[in-house]
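Here is how the chains run, residue by residue.
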Amino acid sequence: MKIVVYAIAKNEAQFVRRWMESMAEADQIVVLDTGSTDGTPDLLRELGAEVTEETVTPWRFDAARNRSLELVPEDADLCVCTDLDEVFHPGWRALLEKAWKPGCSQAVYRYTWNFREDGSEGVVFWYEKVHSRHGFRWTHPVHEVLEWVGPGKRGRKVTVEGMQLDHRADPTKSRAQYLPLLELSVQEAPDDDRNVHYLGREYFFYGRWDDCIRTLERHLSMPNATWADERAASMRLIAKSWLHKGDSTKAEQWFLRAIAEAPHLREPWLDLAMVLYEQGRWDGVVYFTGRALDIRERPRTYMTEAGAWGSLPQDLRAIALYQTGRLAEALDAAEAAYALEPANKRLRENVLALRRLQ
């Protein structure tokens, strides 16, 4: 099996050596450099990559990805698309080869999008940027996705258990180009519900609360917006926008809608627990953290968040149980929170204080 890694790059010199070491299990590495001024192309070539230097004007991620895909030899069996700030865990190729079967066209594997300050994983979901050489193209100016354009029906996806890709990004890198590209993406494909959701989310990142609410309400009204996890994410962002606008009543209503939409997700339960915590409504905190903790299996979507799967639910629960006089239960929750984050001095002090009260 011939496996080729392909990527786009611009001013990524700081990541080149780490990335090349990570991708070394491939048979070939090809890169489209789109205008580096920091020596990225020369360093890539020195370490064995095949580099083509071209500009993409006007800039679009899908256009750049498609051009980089064209650089992959026709006789490749599998294409592995990564960015230079991403790192595979060793052994990824053997896992991929073992999982791949005739009739497959795409592989799904675990992806850690970011890491917390203590080094633990943040947002984790399952990625699918490994695909067969023929029949695919990238679409959308930003948040680009693979689209099947080959003859007949696309082959099935295979999940590669144990295959892990980490995103080790430069936190100073600007995302200023995302918003105009997302607005363009929605203009080009106004019926694409995924694009509308991403645009509303980007307005939230920019603090444009009214634009966020308007755009995400439109997302929820779209006939093809049926994925409960994404619908709940839109509702949560609308709720948080209302919080920023100072209307906690509307925020609470939207959080309740998110819970009803996707009761299998911890995040909306915990969102509402946080609102009630800020208001000192302790019985509500106990209830909603309890419902969050009843969900024991983390879904494999990008909608999950590190906070909901770390110490926070047990921490909030311990505080609320203490406030309502249930000291034994509070200690149990405090110990559970501390076990999940043993470097946190505050959580340790909570445990010690509650033990003294027993």
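Computed from a predicted model, the values in this text were never measured in an experiment.

Undergrad: What exactly am I supposed to notice about the nonpolar core here?
TA: When a protein is soluble and globular, its nonpolar side chains tend to lie buried together. In this structure, Trp19, Leu44, Trp92 and Leu96 are the most contacted members of the largest nonpolar core, which totals 108 residues. Here Leu44 is in contact with Val16, Trp19, Met20, Val31, Ala49, Val51 and Leu84, once residues within four sequence places are set aside.

Undergrad: Got a minute to help me understand helix 10 (residues 266-279) in this structure?
TA: Along an α-helix, residues three or four positions apart point the same way, because every turn accommodates 3.6 residues. For helix 10, which comprises 14 residues, the first-to-last C-alpha distance of 20 Å matches the rise-based estimate of 20 Å (1.5 Å per residue) to within 8%. With respect to burial, helix 10 is a largely interior element, 10 of its 14 residues being buried. The set of residues buried in helix 10 consists of Arg266, Glu267, Pro268, Trp269, Leu270, Asp271, Leu272, Ala273, Val275 and Leu276. Looking at the buried positions of helix 10, the neighbouring elements they touch are helix 8 (228-244), helix 9 (248-261), helix 11 (282-294) and helix 12 (312-323). Taken from the residues just after helix 10, Gly280 is the one with a positive phi, measuring 70°.

Undergrad: Just checking my understanding: could you explain the UniProt feature "domain: Glycosyltransferase 2-like" (unreviewed entry) in the protein for this structure?
TA: Here, the residues flagged by UniProt with the feature "domain: Glycosyltransferase 2-like" (unreviewed entry) are residues 8-124. A distance of 23 Å separates the end C-alpha atoms of residues 8-124, which is 28% helix and 25% strand.

Undergrad: Would you explain the pattern of salt bridges in this entry?
TA: Any two side chains of opposite charge can pair, given that their charged atoms come close. A complete count under the given rule lists 29 salt bridges for this structure. Close ionic contact of Glu128 with Lys157 constitutes a salt bridge, the shortest N to O distance being 3.0 Å. Of the two residues, Glu128 is situated in strand 7 (residues 124-132) and Lys157 in strand 10 (residues 156-167); the sequence distance between them amounts to 29 residues. What makes Glu128 partly exposed here is its relative accessible area of 31%. Residue classification places Lys157 among the partly exposed residues on the basis of a relative accessible area of 36%. One network of salt bridges, with partners in common, ties together Arg236, Lys240, Asp271 and Glu305.

Undergrad: What exactly am I supposed to notice about the sheet that holds strand 4 (residues 78-81) here?
TA: One open sheet holds the 8 strands; their spatial order is 3-2-1-4-7-6-10-5, and the pairing between them is mixed. Strands with a single pairing partner mark the edges of an open sheet, and in this sheet they are strand 3 (50-53) and strand 5 (86-88). Neighbour-to-neighbour, the strand axes of the sheet open up by a mean angle of 35°, direction not taken into account. As paired elements, strand 2 (residues 28-33) and strand 3 share 4 bridges and run parallel to each other. The residue bridging Asp33 from the neighbouring strand is Glu53, located in strand 3. Across the face of the sheet, helix 1 (residues 16-23) comes into contact with strand 1 (3-9), strand 2 and strand 5 while running at roughly 30° to strand 5. The sheet strands contacting helix 4 (residues 92-99) are strand 1, strand 4, strand 5, strand 6 (104-112), strand 7 and strand 10, and the helix crosses strand 10 at an angle near 170°.

Undergrad: When you look at the side chain of Asp85 in this model, what are you seeing that I'm missing?
TA: Checked against the element boundaries, Asp85 lands in the loop between strand 4 and strand 5. Assessed through its relative accessible area of 9%, Asp85 is described here as buried. At 3.1 Å, the side chain of Asp85 forms a polar contact with the side chain of His167. In contact with Asp85, not counting residues within four places along its chain, are Phe15, Arg18, Asp166, His167, Arg168 and Ala169.

Undergrad: Hey, could you run me through the environment of Gly200 in this one?
TA: Here Gly200 lies in helix 6 (residues 193-205). When the C-alpha atoms of Gly200 and Ala258 are compared, they prove to be 16 Å apart, with 58 residues separating the residues in sequence. The contact partners of Gly200, leaving out residues within four places of it in the chain, are Cys212, Thr215 and Leu216.

Undergrad: Is there a simple way to think about the packing of aromatic side chains in this case?
TA: Each aromatic ring pair is summarised here by two numbers: the centre-to-centre distance and the angle between the ring planes. Counted according to the given criterion, the structure contains 16 aromatic pairs. Between the aromatic rings of Tyr198 and Tyr302, the centroid separation amounts to 6.1 Å while the plane-to-plane angle is 35°, which identifies the pairing as tilted. Taken as a pair, Tyr198 in helix 6 and Tyr302 in the loop between helix 11 and helix 12 lie far apart in primary sequence, 104 residues in all. There is no split in this pair, since Tyr198 and Tyr302 are both buried.

Undergrad: Sorry, what's going on with the packing of helix 13 (residues 327-340) against helix 14 (residues 345-357) here?
TA: What describes two packed helices is the angle between their axes and the distance between those same axes. Where helix 13 meets helix 14, the closest approach of the two axes is 9 Å, and the angle between their N-to-C directions is 155°. Between helix 13 and helix 14, the interaxial angle falls into the category roughly antiparallel. Crossing of helix 13 against helix 14: the hand is left-handed. Mapping the contact onto sequence places Leu327, Ala330, Leu331, Ala334, Glu335, Ala337 and Tyr338 in helix 13 and Leu347, Arg348, Val351, Leu354, Arg355 and Leu357 in helix 14. Residue classes in the contact of helix 13 with helix 14 are distributed as 10 nonpolar, no polar and 3 charged.

Undergrad: Looking at this model, I keep getting lost on unusual backbone geometry. Mind explaining?
TA: A negative phi holds for most residues other than glycine; trans holds for most peptide bonds. Here the residue pair Thr57 and Pro58 is connected by a cis peptide bond, since its omega of -10° sits within 30 degrees of zero. Its identity is not glycine, yet Asn11 carries a phi of approximately 55°, on the positive side. Note on placement: Asn11 falls in the loop between strand 1 and helix 1. Since its relative accessible area comes to 32%, Asn11 is described here as partly exposed. Backbone geometry at His143 places phi at a positive 50°, although glycine is not the residue there. Structurally, the position occupied by His143 is in the loop between strand 8 (136-139) and strand 9 (145-148). Residue His143 is classed as buried on the basis of its relative accessible area of 18%.

Reading the values: rules and limits
- Residues numbered from 1 in each chain as written.
- Predicted model: local features only at pLDDT ≥ 70, side-chain atom pairs only at ≥ 80, totals over all residues.
- Heavy atoms only, no water.
- Core = buried A, V, L, I, M, F, W, Y, C linked by side-chain atoms within 4.5 Å.
- Buried < 20%, exposed > 50% of the residue type's maximum accessible area, 1.4 Å probe, protein only.
- Contact = heavy atoms within 4.5 Å.
- Helix = DSSP H or I, 4+ residues; strand = E, 2+ residues; numbered from the N terminus.
- Expected span 1.5 Å × (residues − 1).
- UniProt positions renumbered as here; feature names shortened; annotations may be inferred.
- Salt bridge = Lys/Arg side-chain N within 4 Å of Asp/Glu carboxyl O.
- Pairing = 2+ DSSP bridges.
- Axes fitted to C-alpha atoms, helices over the stretch in contact; angles between N-to-C directions.
- Polar contact = N/O pair within 3.5 Å; in protein donor to acceptor, adjacent residues only side chain to side chain.
- Phe/Tyr/Trp six-rings, centres within 6.5 Å; stacked < 30°, edge-to-face > 60°.
- Parallel < 35°, antiparallel > 145°, perpendicular 65-115°, else oblique.
- Left-handed = near helix turned anticlockwise from the far one by under 90°.
- Nonpolar A, V, L, I, M, F, W, Y, C, P; charged D, E, K, R; others polar.

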